[in-house]
Amino acid sequence: QVHIVESGGGLVQPGGSLRLSCAASGIMFSAADMGWYRQAPGKQRELVAGITRTDKLNYADSMKGRFAIWRDIAKNTVYLQMNSLKPEDTAVYYCNVGGPQFGYWGQGTQVTVSS
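Please read all numbers here as calculations on a predicted model, not as lab measurements.

> Would you mind going over the state of the cysteines with me for this structure?
Two cysteines joined by a covalent bond between their sulfur atoms form a disulfide. Scanning all chains against the criterion turns up one disulfide. There is a disulfide in this structure between Cys22 and Cys95, and the S-S distance comes to 2.0 Å. Its S-S torsion of approximately -75 degrees makes the covalent link between Cys22 and Cys95 left-handed. With Cys22 in strand S3 (residues 18–25) and Cys95 in strand S9 (residues 91–97), this pair connects stretches of sequence that are 73 residues apart. No difference in accessibility class separates Cys22 from Cys95, as the two residues are buried.

Okay, here's the thing in structure tokens:
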């Protein structure tokens, strides 16, 4: 059984930073594509950053230079470092393991950027 748990969300002021973590079990972590997605109220879920099984990185244009994704295979964990946060980054952030169509999703973690 696949189990995914995100952590690290919270309230941060504009310009601040947060690090999200996603721990996965029950899946061959090293062979899976992974990604972070987000969904703001009234909007569709969108890709934030992805990392393939071969460690190829992909970022949404608005996150380039501010966000970084990486994974620790030994810990079965994928991370998202978010810097220079803006109010428009406010959303529920979801971890995906195995691809958005057939993979597995975490329960989401709220990120709120506000003064």
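The discussion continues.
> Before we go on, may I ask you to explain the nonpolar core in this structure?
Soluble globular proteins tend to pack their nonpolar side chains together in the buried interior. Counting residues in each nonpolar core, the largest one holds 29 residues, and the members touching the most others are Trp36, Val78, Leu80, Met82 and Tyr93. Among the elements of the structure, S3, strand S4 (34–39), strand S5 (46–51), strand S7 (67–72), strand S8 (77–82), S9 and strand S11 (109–113) are those that each provide at least two residues to this core. In contact with Tyr93, not counting residues within four places along its chain, are Glu6, Leu20, Trp36, Tyr37, Arg38, Val48, Phe67, Leu80, Met82, Gly108, Thr109 and Val111.

Parameters and conventions
Residues numbered from 1 in each chain as written. Predicted model: local features only at pLDDT ≥ 70, side-chain atom pairs only at ≥ 80, totals over all residues. Heavy atoms only, no water. Disulfide = S-S within 2.5 Å. Helix = DSSP H or I, 4+ residues; strand = E, 2+ residues; numbered from the N terminus. Buried < 20%, exposed > 50% of the residue type's maximum accessible area, 1.4 Å probe, protein only. Core = buried A, V, L, I, M, F, W, Y, C linked by side-chain atoms within 4.5 Å. Contact = heavy atoms within 4.5 Å.

By themselves, these figures tell us nothing about what the structure is for.
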